[in-house]
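Inside the fold
Each chain is listed here by its residues.
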Amino acid sequence: MTAVVLDGIVEGLGFGLLGVGLTLVYGLGGVLNLAYGEFAVLGAIVVTGVRDVGAPMPLAAAAGVAAAAAAATVLDLTAMRPVYRQSGDHRLLLGLLVTLGVAFLIEGLLDWRDPLGALIVIIGGKPIGIFGVPMGRGSVWGSVIALASGVALVGFFGATTFGRGIRSAMQDEVGARLIGISPSFARTVVFALSGALAGLVAVSSSMTSPLTVTQGFDLTTFALIVTVVGGLGSVTGAFLAGLLLGIVDTVCAYYIGQYITEVVLLGAAGLTILVRPRGLLGR
Amino acid sequence: MRGVAAGYLGEKVVEGIDLEVRAGEAVAIIGSNGAGKTTLFRAIAGLLPCAAGRVIFDEIDLTRLRAHRVAHAGVAYVPAERHLFPAMTVKTNLVLGAYPHRPHPETLELVFKLFPRLKERMRQRAGTLSGGEQQMLAVSRALMARPKLLMLDEPTSGLAPKIAKAAFGALERLKATGVTLLIAEQQVPLALSVADRGYVLENGRIRLEGTAKELAHNPEVRRAYLGVA
Ligand SMILES: Nc1ncnc2c1ncn2[C@@H]1O[C@H](COP(=O)(O)OP(=O)(O)O)[C@@H](O)[C@H]1O
Ligand SMILES: [Mg+2]
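The paragraphs below set out a description of the structure included in this document.

What counts, and where the lines are drawn
- Residues numbered from 1 in each chain as written.
- Chains lettered and ligands numbered in written order.
- Predicted model: local features only at pLDDT ≥ 70, side-chain atom pairs only at ≥ 80, totals over all residues.
- Heavy atoms only, no water.
- Helix = DSSP H or I, 4+ residues; strand = E, 2+ residues; numbered from the N terminus.
- Expected span 1.5 Å × (residues − 1).
- Bend = angle between axes of the 7 residues up to and from the residue.
- Buried < 20%, exposed > 50% of the residue type's maximum accessible area, 1.4 Å probe, protein only.
- Contact = heavy atoms within 4.5 Å.
- Near = heavy atom within 4 Å.
- Polar contact = N/O pair within 3.5 Å; in protein donor to acceptor, adjacent residues only side chain to side chain.
- Areas by Shrake-Rupley, 256 points an atom, 1.4 Å probe, with all protein chains shown as cover.
- Nonpolar A, V, L, I, M, F, W, Y, C, P; charged D, E, K, R; others polar.
- Buried area = accessible area lost by both parts, 1.4 Å probe.
- Patch = residues over 30% accessible without salt bridge, like charges linked within 9 Å, V, L, I, M, F, W, Y side chains within 5 Å.
- Salt bridge = Lys/Arg side-chain N within 4 Å of Asp/Glu carboxyl O.
- Pairing = 2+ DSSP bridges.
- Phe/Tyr/Trp six-rings, centres within 6.5 Å; stacked < 30°, edge-to-face > 60°.
- Axes fitted to C-alpha atoms, helices over the stretch in contact; angles between N-to-C directions.
- Parallel < 35°, antiparallel > 145°, perpendicular 65-115°, else oblique.
- Left-handed = near helix turned anticlockwise from the far one by under 90°.

Concerning helix 1 (residues 2–29) of chain A
One turn of an α-helix holds 3.6 residues; hence residues three or four places apart share an orientation. All names here are of chain A. With 28 residues, helix 1 should cover 40 Å at 1.5 Å per step; its first-to-last C-alpha distance of 40 Å lies within 8% of that length. Of all bends in helix 1, the biggest is about 25°, found at Gly19. The buried fraction of helix 1 is high, at 21 of 28 residues. Where helix 1 terminates, the next one or two residues include Gly30, which has phi positive at roughly 70°.

Remarks on the side chain of Ser143(A)
For Ser143(A), the position within the fold is in helix 6 (residues 137–159). Apart from residues lying up to four places away in sequence, Ser143(A) is in contact with Val10(A) and Leu13(A).

Re the site of ligand 1
Residues and elements named next belong to chain B. With respect to spatial proximity, the complete set of residues near ligand 1 consists of Tyr8, Val13, Ser32, Asn33, Gly34, Ala35, Gly36, Lys37, Thr38 and Thr39. A distance of 3.2 Å is found between an oxygen atom of ligand 1 and a backbone nitrogen or oxygen belonging to Ala35. Summarising the interface, the protein chains cover 55% of the accessible area of ligand 1, which totals 560 Å² for the free molecule. With 3 residues, helix 1 (residues 37–45) is the largest single contributor of residues to the shell around ligand 1. A per-class count over the shell around ligand 1 returns 3 nonpolar, 6 polar and 1 charged.

Some thoughts on the interface of chain A and chain B
With 17 residues of chain A at the interface, the matching set in chain B holds 22 residues. Contact between chain A and chain B buries roughly 1,800 Å² in total, counting both sides, with carbon and sulfur atoms accounting for 66%. For the interface between chain A and chain B, the tally reads 3 residue pairs in polar contact (both at pLDDT 80 or more). Of all elements in the fold, only helix 7 (161–171) and helix 8 (173–178) of chain A reach the threshold of two or more residues within the side of chain A that touches chain B. Tallying contributions element by element places helix 7 of chain A first for the side of chain A that touches chain B, with 7 residues. When the residues that make up the side of chain A that touches chain B are grouped by side-chain class, the tally is 6 nonpolar, 7 polar and 4 charged.

With respect to a nonpolar patch on the surface
Residues and elements named next belong to chain A. Taken together, Met1, Tyr254, Tyr255, Ile256 and Tyr259 make up a surface patch of nonpolar side chains, about 660 Å² in accessible area. Note on placement: Met1 falls in the segment before helix 1. The exposure class assigned to Met1 is exposed, which follows from its relative accessible area of 55%.

Let's talk about the pairing of strand 3 (residues 26–30) of chain B
Across a regular strand the side chains alternate sides, sitting on one face of the sheet and then on the other. All names here are of chain B. Counting buried positions over the 5 residues of strand 3 gives 5, a clear majority of the element. Of the two faces of strand 3, the one holding Ala26, Ala28 and Ile30 and the one holding Val27 and Ile29 are both buried throughout. One ladder, built from 5 bridges, connects strand 3 with strand 9 (residues 180–185); its direction is parallel. Among the inter-strand pairings, Ile30 is bridged to a residue of strand 9, identified as Glu185.

Quick notes on the packing of aromatic side chains
Residue and element names in this part refer to chain A. The final tally for this structure, using the stated rule, is 7 aromatic pairs over all chains. Seen from their ring centres, Phe104 and Phe217 are 5.7 Å apart, and the 55° between their planes marks the pair as tilted. Within this pair, whereas Phe104 is found in helix 5 (residues 88–113), its partner Phe217 is found in helix 10 (residues 216–230), the two being separated by 113 residues in sequence. Exposure remark for Phe217: the relative accessible area of 25% places this residue in the partly exposed category. Ring centres of Phe162 and Phe185 lie 5.9 Å apart, and the angle between their planes is 40°; this geometry places the pair in the tilted category.

So, the packing of helix 2 (residues 36–52) of chain A against helix 10 of chain A
Residue and element names in this part refer to chain A. Here helix 2 crosses helix 10 at 130°, and the two axes come no closer than 7 Å. Considering the angle they form, helix 2 stands oblique to helix 10. Between helix 2 and helix 10 lies a crossing of right-handed hand. Within the contact between the two elements, helix 2 uses Tyr36, Gly37, Glu38, Ala40 and Val41 and helix 10 uses Gly216, Phe217, Leu219, Thr220 and Ala223.

Some words on unusual backbone geometry
Here the bond from Tyr99(B) into Pro100(B) is cis, since omega is 0°, no more than 30 degrees from zero. On the secondary structure map, Pro100(B) appears in the loop between helix 3 (90–97) and helix 4 (105–114). For Phe131(A), which is not glycine, the phi dihedral falls at a positive 50°. Looking at the element boundaries, Phe131(A) is found in the loop between strand 2 (128–130) and strand 3 (133–135). Judged by relative accessible area, which is 72%, Phe131(A) ranks as exposed. Look at Arg82(B): it is not a glycine, yet its phi comes out positive at around 70°.

Thoughts on the pattern of salt bridges
Residues and elements named next belong to chain B. One pass over the structure, following the stated rule, counts 13 salt bridges over all chains. Residue Glu25 pairs with Arg22 through a salt bridge whose shortest N-O separation is 3.4 Å. With relative accessibility at 43%, the residue Arg22 sits in the partly exposed group. Linking Glu154 and Lys37 is a salt bridge whose minimum nitrogen-to-oxygen distance equals 3.6 Å. With Glu154 in the loop between strand 8 (149–153) and helix 7 (161–176) and Lys37 in helix 1, this residue pair connects regions lying 117 residues apart in the sequence. The pair formed by Glu154 and Lys37 is uniform in burial state, with each residue classed as buried. Bridged by salt links that share partners, the residues Glu20, Arg22, Glu25 and Arg197 form one connected network.

By themselves, these are just geometric observations and shouldn't be taken as functional.
Next up, the structure:
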């Protein structure tokens, strides 16, 4: 049982890291970025490419994260502009269409150029014992990355002037403009941050299982579930939801079977919408 | 500002507005509901584009600037709907008022002197405050930026008459500290009690202007806004 829960925590931290990038963009821009998972795939491709020319792993990882952030920034500054000119439901709908189009474009392109592309990061060394359970080093490293990112994000949004400014724009955009914050600049920063997080997801998740070029939509789906359960725009909520879902996922897989887990996760999201539409920590 | 016009979807709501506020002055824009006071304020604050005319502030041309740039130029606008950050504490709202700088201790002291209530409520979320307290917080958040001009749109909207009077009492004390004020108000007697000068806005145009005293004694104003037959 301990082993199952520990596996759940490892997976949950990964879910949290995955969800937080999507939830932030939704919280600030009112856009559900359906191309989110593709940024992770893009990051993974760049990591493999840079590693293959002989660069050390940390450098390759940094390049992947930077590439995903750059791709997200480009999207924000180009195709998203007409979306931001809309408001409310129109913005959400147009945002879904545009990002879906971008997702198809990236996925199609990668599938054409690099159909078998995949990122596997092998962390060598003996398993580490945690509560008497031997945990693979890849799992431990992935969890450490997710946890450290979570702490850094909470610190950024809770304690820095700029982070608080971005959070204020999530709560009241007009209010934020009146205190001197440019919402469009804040959006670009959050979009770039979201891309970087997707790149980080690619690196950390490929330490336990390979990330293939066809996985973009799966990642987006899981991120969406985490976002709904955690509450829109909440960093802590995303990690809390991730942990909860990760544990539910591994426990179900262990006691019922792998086939049931995606249904259970979607069910958890549905239940959240019915019982607590704001999510665990949403506004 | 000279010849300013603004409106929504090509429809001009205010037009041909000439208006002047001198440093240290308190100026009131009075007019009934729908006269265009809010539209005018939104245009000055950069929340709405000016369709014509110019807004010059302290030798800076604000006409084409967006709201956050207008804020950087030293103009603070407190809308009637306040636009606080509801899930954040009173303290964080105040700190953010000084964005991107650190809050100035003297300004914080001034705020607490004007509104001692806020000091007791520092850890409470802004969304849970009463209407009067939210108005105090909205004005205070604007003050934290140490603006050269403070624009208040209907500071008494949604407040009980007694609280509205108290709010204007606080504005009187605020004015004594030397802040330049531009106030839009339907409650004309209150507005004219703090203002040095005033403009009467009717159907999007300036109908009358003068010192507060002149306006208070003007027969038209008395008939239309002061309930004198
Ligand atoms: N967002 C808007 N879109 C279209 N028309 C508006 C909008 N806001 C206000 N108006 C119109 O502009 C006119 C002036 O409104 P407003 O500036 O709010 O006046 P006041 O603040 O003096 O009550 C009104 O006739 C109102 O219907
Ligand atoms: Mg109004």
